[in-house]
Amino acid sequence: MKSITSLFRPSKKSSPSQTREADQPPGADGSTESQETTLVPPRAETESNFTLARTKMIDLLHHPGVISDLLAVAERRTGLNRVSLVGVILALMCLCVCFSIGAGLVSGVVGFMYPAYESVKALHFMDKEKEKRWLTYWVVFSFFHVLEFFSDHLVWWMPFYWLVKTIFLVWCMAPVSQNGSMVIYTFIIKPLYSKHHEDIDHVMDNAAREAGGLLEMAAEKARRISVQSEGK
């Protein structure tokens with residue numbers, strides 16, 4: 001009888017707040033409060049990166065050294081700040097490259113002077129990470145110039161050839177982890193070396209032996225000529 005009457009007994013209703021709490025999933029800290037994710041707009045992130053890059057460039061231009069001393073002299077002579085001076089120089093270099101006015105010289109200076117200076121500095125301070133970075137750059141630089149030797153006569157007439165080449169060299173030396181040098185070395189040069197390094201080493205060893213033999217023959221011939229001249 002008790003079991004029959006319990007069927008008609010009204011069940012205890014939960015309050016609306018309890019129902020909402022039961023439906024909400026618990027948070028990471030065990031609470032039932034929903035967590036809101038703050039999203040950074042892409043435009044704000046881009047502006048932040050640009051501001052950070054500009055700040056680093058200004059700090060670099062004021063870093064004590066030969067370049068800072070030259071910029072200080074230029075500031076006194078022209079009355080312009082060094083950031084504006086560098087901007088004018090870069091604009092003139094871009095115009096030269098775009099209109100092929102001394103474009104080869106500008107491109108060569110961009111691709112050689114700064115990397116050479118940074119390489120010497122890395123060797124002087126024995127910075128292993130920078131040594132590896134700039135060694136990778138010079139490997140890619142040499143690889144690119146070998147290809148350019150055979151393709152230069154085919155592509156030099158293309159519009160903005162020197163501009164594209166200069167941008168490529170700047171990308172290769174860019175101070176980021178995945179710059180052009182690292183990408184080209186990882187995906188092109190390294191696989192080629194891994195596949196053909198035994199054949200290359202064999203050819204190089206044979207060439208070194210033949211060169212050594214030729215040098216010995218030349219030295220022996222020079223020695224005989226010297227003895228004959230002394231006998232006369």
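In what follows, the structure referred to is the one given above.
Residues numbered from 1 in each chain as written. Predicted model: local features only at pLDDT ≥ 70, side-chain atom pairs only at ≥ 80, totals over all residues. Heavy atoms only, no water.

**Structural notes on the packing of aromatic side chains**
Line of reasoning, step 1. Tallied over the entire structure, the rule returns nine aromatic pairs.
Line of reasoning, step 2. Measuring from centroid to centroid gives 5.7 Å for Trp134 and Tyr137, while their planes differ by 75°, and the two rings are edge-to-face. Taken together, the positions of Trp134 and Tyr137, both in helix α7 (residues 128-155) and three residues apart, correspond to about one turn of that helix. When sorted by exposure, Trp134 lands in the same class as Tyr137, which is buried.
Line of reasoning, step 3. On the basis of an interplanar angle of 75° and a centroid distance of 5.2 Å, the ring pair of Tyr137 and Trp138 is categorised as edge-to-face.
Line of reasoning, step 4. An aromatic cluster of at least three residues, connected via ring pairs, comprises Phe112, Tyr114, Trp134, Tyr137, Trp138 and Phe141. (Phe/Tyr/Trp six-rings, centres within 6.5 Å; stacked < 30°, edge-to-face > 60°. Helix = DSSP H or I, 4+ residues; strand = E, 2+ residues; numbered from the N terminus. Buried < 20%, exposed > 50% of the residue type's maximum accessible area, 1.4 Å probe, protein only.)

**As for a negative patch on the surface**
Line of reasoning, step 1. Together, Glu198, Asp199, Asp201 and Asp205 give the surface a local cluster of negative charge.
Line of reasoning, step 2. Along the chain, Asp201 falls in helix α9 (residues 180-231). (Patch = residues over 30% accessible without salt bridge, like charges linked within 9 Å, V, L, I, M, F, W, Y side chains within 5 Å. Areas by Shrake-Rupley, 256 points an atom, 1.4 Å probe, with all protein chains shown as cover. Salt bridge = Lys/Arg side-chain N within 4 Å of Asp/Glu carboxyl O. Lys, Arg positive; Asp, Glu negative; His and termini not counted. Charge placed at Lys NZ, Arg CZ, Asp CG, Glu CD.)

**A few points about helix α8 (residues 161-173)**
Line of reasoning, step 1. For α8, with 13 residues, the first-to-last C-alpha span of 19 Å sits near the 18 Å given by 1.5 Å per residue.
Line of reasoning, step 2. Within α8, the full set of buried residues consists of Tyr161, Lys165, Thr166, Leu169, Cys172 and Met173. Seen along its axis, α8 keeps its buried residues to an arc of 130°; they face one direction. Looking at α8, the residues exposed on the side facing more than 90 degrees away from the buried face are Val164 and Ile167. (Expected span 1.5 Å × (residues − 1). Arc of directions from axis to C-beta.)

**Overview of the layout of surface pockets**
Line of reasoning, step 1. For the largest pocket, the calculated volume is near 2,200 Å³.
Line of reasoning, step 2. Taken together, 40 residues form the lining of the largest pocket, with Leu60, Leu61, Ile67, Val86 and Tyr114 sitting closest to its centre.
Line of reasoning, step 3. Elements supplying a minimum of two residues to the lining of the largest pocket: α3 (42-61), α4 (66-78), α5 (82-98), α6 (103-125), α7 and α8.
Line of reasoning, step 4. It is α6 that contributes the most residues to the lining of the largest pocket, nine residues altogether. (1 Å grid on protein atoms, 1.4 Å probe; cavity = no way out; pocket = protein on both sides within 12 Å on 5 of 7 lines; lining within 4 Å. Points joined across faces, edges and corners; volume = space filled by probe spheres on them.)

Remember that the coordinates give geometry; whether it matters functionally is a separate question.
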